[in-house]
Number of protein chains: 2
Amino acid sequence: MWKGESVDTTGEQTRSEAEQVAGTQTITRALAVLGVLRDAEDDVGVTELARALGLHTSTTHRILRALASARYVVQNSQTERYRLGREALLLGRAASRALGFDAALPLLEQLAETTGESVNLSVRDNDDAVVVLRVESAHPLRFIQPVGTRIPLYCTSTGKALLAFGADLYAELAKLGELARLTPDTLTSPRELLADLEQTRERGYSVNYGERIPGVCGVAAPVPGEVGLAMGAVAVQGPEVRMPGERIPELGRLVMQTATAVTATIPSGYWI
Amino acid sequence: MWKGESVDTTGEQTRSEAEQVAGTQTITRALAVLGVLRDAEDDVGVTELARALGLHTSTTHRILRALASARYVVQNSQTERYRLGREALLLGRAASRALGFDAALPLLEQLAETTGESVNLSVRDNDDAVVVLRVESAHPLRFIQPVGTRIPLYCTSTGKALLAFGADLYAELAKLGELARLTPDTLTSPRELLADLEQTRERGYSVNYGERIPGVCGVAAPVPGEVGLAMGAVAVQGPEVRMPGERIPELGRLVMQTATAVTATIPSGYWI
DNA sequence: AAATCCTATTCCACTTTATGGAATGCGCTT
DNA sequence: AAGCGCATTCCATAAAGTGGAATAGGATTT
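Residues numbered from 1 in each chain as written. Chains lettered and ligands numbered in written order. Predicted model: local features only at pLDDT ≥ 70, side-chain atom pairs only at ≥ 80, totals over all residues. Heavy atoms only, no water.

Residues and elements named next belong to chain A. Strand order in the open sheet formed by 6 strands is β5-β4-β3-β8-β7-β6, with antiparallel pairing between adjacent strands. Two strands lie at the open edges of the sheet, namely β5 (150-151) and β6 (206-209), each paired on one side alone. Its contacts with the sheet place helix α7 (residues 157-164) against β3 (118-125), β4 (128-135), β5, β6, β7 (216-224) and β8 (230-239), and it is angled at close to 155 degrees to β8. (Pairing = 2+ DSSP bridges. Helix = DSSP H or I, 4+ residues; strand = E, 2+ residues; numbered from the N terminus. Contact = heavy atoms within 4.5 Å. Axes fitted to C-alpha atoms, helices over the stretch in contact; angles between N-to-C directions.)

As structure tokens, then:
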């Protein structure tokens, strides 16, 4: 039944995620359902959800009912489709407090005020970084990156800070694969990137000058964890016009200062 | 085994919650674990968690491993205890967006600025209300109520708005039980409360003048849902000194206006 | 310093629980 | 009017989670 000799279209891409943890299939599936809902732009139907995860509609429906009865998801009474619910919201608030992000926010706010630019805190997530906390610049022209945004490692200040101050730099570089050219300034050769990362290590902060999005710059510093490796990164981002070359060292200094301060707000013994 | 002839201390209080949804025991248990972690002040150990839920440590541990491998919880490397993790945070952000709270926030912010007082949006949750969105007053002396706070129905502006504009007023009143006297101004008789609620219905907004906490006042209006009943309430809260009697009608008008505007931001077809 | 207690964690036979094939009913399109 | 796609329900099957028991480590007590 599980091998699925009758079903041929689905049940192939799911394997890699689902087989991570043995003995807890149901929970893993439920969390996968929440994950799809999290990334969905709009409401999702049972069939659509089942297809995305390679599950049966029957199974998916049962999972959704469990989640709905706990109010982690809500069902649209008209379309019968689902989206995240109230309890998911409250869980997030509690997590923000538990992980010390509530305490880190004022530090980011101060950095945003001092520099006048958007500030965010990101952490590593598999092959990307993901924004977990942010403060927006007050300028009409500002850089926006909502919480939850996934950003590539090789062409962003945040990503380069995580790489440069993470474990196993060379292994990481080998894993990156092709460095797609996103702008004329993107570092597309491993050699160039390595040189940039070594410079980042020396300086203590990373710089991105339009390598991912033309006209957008960033300066980032690692948030040191228990063993000294980066467990996250604080970045200041804004348009090139407001971040001329001569301003970078000062921004670097400020970002490093904030990143170090953020460490103290994050409960020790954890690796977010 | 499930009846537990050997185990006698646990497994009694759990029944009521766990038996709600049939066919999804595992998920319900996992969500219950998340719920305990959500409400916990500090990190929680496996045994403690198991005891709180009437589960076996073995089961609890397996659930935690599943949640941890999806990063919904993290384990302290030193104490081996657990707390909420990064994915819980991101889920909350997505839920906030999906439920339209991101859109409602600016409306509350404007009300907070206009009135100078703390503002929150709350929804009904079983026998209480729960704060889902809030904006704090800028005053040094301000009323603070973090998101997730549970507040009683009978002695708060929010709660009275939910009661007065909810379904089945008389059934609700009967369910309330004893109206504990929290302050000299608490309405402790059903008769008084009913009169207040009827007045609330006529006015369109509810008023709490130190009925729960001495010196703290609130004015709240219902957020009308699809069928006209309150699906939530917007409240302005502050110290008595800044909210004299003659200011109440104006506050009521503003709160009603905001509450109505909030309705438009919440996706239709849902009942948060 | 040994003993005791209380942890988190692992293992594995058992059986409860989730599974998914099939069927239903509804609404929309062909 | 038939056909499709959807959410939903049912139920025999077996796979998955369960929990008793055992292990190992740390902290506190004797």
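All names here are of chain A. Along helix α8 (residues 169-176), the residues classified as buried are Leu 169, Glu 172 and Leu 173. Down the axis of α8, the buried set is contained in an arc of 100 degrees. They therefore lie on one face. Exposed residues pointing more than 90 degrees away from the buried face of α8 are listed as Tyr 170, Ala 174 and Lys 175. Of the surrounding elements, those touching the buried residues of α8 are β3, α7 and α9 (190-203). One or two positions beyond α8, positive phi appears at Gly 177, with a value near 75 degrees. (Buried < 20%, exposed > 50% of the residue type's maximum accessible area, 1.4 Å probe, protein only. Arc of directions from axis to C-beta.)

All right, on to the protein's contact with DNA strand D then. Close contacts around DNA strand D come from 24 residues, with A:Gln25, A:Thr47, A:Gln75, B:His56 and B:Arg62 the closest. Expressed as a percentage, the sugar and phosphate content of the atoms of DNA strand D within 4 Å of the protein is 76%. In the model, a base nitrogen of DNA strand D is placed 2.8 Å from a nitrogen or oxygen of the B:Ser58 side chain. Residue assignment for the surface near DNA strand D shows that the elements contributing at least two residues are α2 (25-39), α3 (46-53) and α4 (57-69) of chain A together with α2 (25-39) and α4 (57-69) of chain B. At 4 residues, α4(A) tops the list of elements feeding residues into the surface near DNA strand D. Looking at the surface near DNA strand D, its residues break down into 4 nonpolar, 15 polar and 5 charged. (Near = heavy atom within 4 Å. Polar contact = N/O pair within 3.5 Å; in protein donor to acceptor, adjacent residues only side chain to side chain. Nonpolar A, V, L, I, M, F, W, Y, C, P; charged D, E, K, R; others polar.)

What follows covers the relation of the copies chain B and chain A. Between chain B and chain A, which share one sequence, the superposing operator has a rotation angle of 180 degrees and an axial displacement of 0.0 Å; the RMSD is 0.1 Å. The transformation just described matches what one would write down for a two-fold rotation axis. Of every C-alpha in chain B, the one belonging to B:Gly92 sits nearest the axis of rotation, 1.9 Å from it. Here 98% of the interface residues in chain B have copies in chain A that are interface residues too; the copies meet face to matching face. (Least-squares fit on C-alpha atoms with pLDDT ≥ 70 in both.)

Turning our attention to the domain arrangement of chain A. Looking at the assigned domains, one finds that chain A contains domain 1 (15-89) and domain 2 (99-265). Taken over C-alpha atoms, the centre of domain 1 of chain A sits 33 Å from the centre of domain 2 of chain A. (Domains from an automatic or database assignment.)

Once that is clear, we can look at the environment of B:Arg134. Residues and elements named next belong to chain B. With respect to the helices and strands, the residue Arg 134 is situated in strand β4 (residues 128-135). Judged by its relative accessible area of 28%, Arg 134 falls in the partly exposed class. The spatial distance from the C-alpha of Arg 134 to the C-alpha of Thr 24 is 34 Å, given a sequence separation of 110 residues. Dropping the residues within four chain positions of it, Arg 134 is found in contact with Leu 105, Val 119, Asn 120, Ile 144, Gln 145, Pro 146 and Val 147. A distance of 2.5 Å separates a polar atom in the side chain of Arg 134 from a polar atom in the side chain of Glu 136.

The environment of DNA strand C is formed by 24 residues, the closest being A:His56, A:Arg62, B:Gln25, B:Thr47 and B:Gln75. Counting only atoms of DNA strand C within 4 Å of the protein, the sugar-phosphate share comes to 77%. With respect to DNA strand C, the backbone of B:Gln25 contributes an N or O atom lying 2.3 Å from a phosphate oxygen. Within the side chain of B:Thr47, a nitrogen or oxygen atom sits 2.2 Å from a phosphate oxygen of DNA strand C. Put simply, the parts of the chain that give the surface near DNA strand C at least two residues each are α2 and α4 of chain A together with α2, α3 (46-53) and α4 of chain B.

Assignment of secondary structure puts A:Val147 in the loop between β4 and β5. Relative accessible area serves as the criterion here: at 16%, A:Val147 is assigned to the buried category. Separated by 27 residues in the primary sequence, A:Val147 and A:Asn120 place their C-alpha atoms 8.7 Å from one another. Here A:Val147 is in contact with A:Val131, A:Val132, A:Leu133, A:Arg134, B:Leu90 and B:Arg93, once residues within four sequence places are set aside.

With 61 residues of chain B at the interface, the matching set in chain A holds 60 residues. Carbon and sulfur atoms supply 64% of the area buried between chain B and chain A, which totals about 5000 Å² over both sides. Contact with chain A buries area across many residues of chain B, yet B:Arg38, B:Arg86 and B:Tyr270 alone supply 15% of it, more than any other trio. Remark: the boundary between chain B and chain A carries 4 salt bridges. Between B:Arg86 and A:Asp125 there is a salt bridge, with the nearest N and O atoms lying 2.8 Å from each other. The interface formed by chain B and chain A holds 8 residue pairs in polar contact (both at pLDDT 80 or more) in total. Of all the elements in the fold, those that place two or more residues in the side of chain B that touches chain A are α2, α4, β1 (73-75), β2 (82-84), α5 (86-98), β3 (118-125) and β4 of chain B. Considering every element that reaches the side of chain B that touches chain A, the biggest residue donor is α5(B), with 13 residues. Split into classes, the residues belonging to the side of chain B that touches chain A amount to 33 nonpolar, 14 polar and 14 charged. (Buried area = accessible area lost by both parts, 1.4 Å probe. Salt bridge = Lys/Arg side-chain N within 4 Å of Asp/Glu carboxyl O.)

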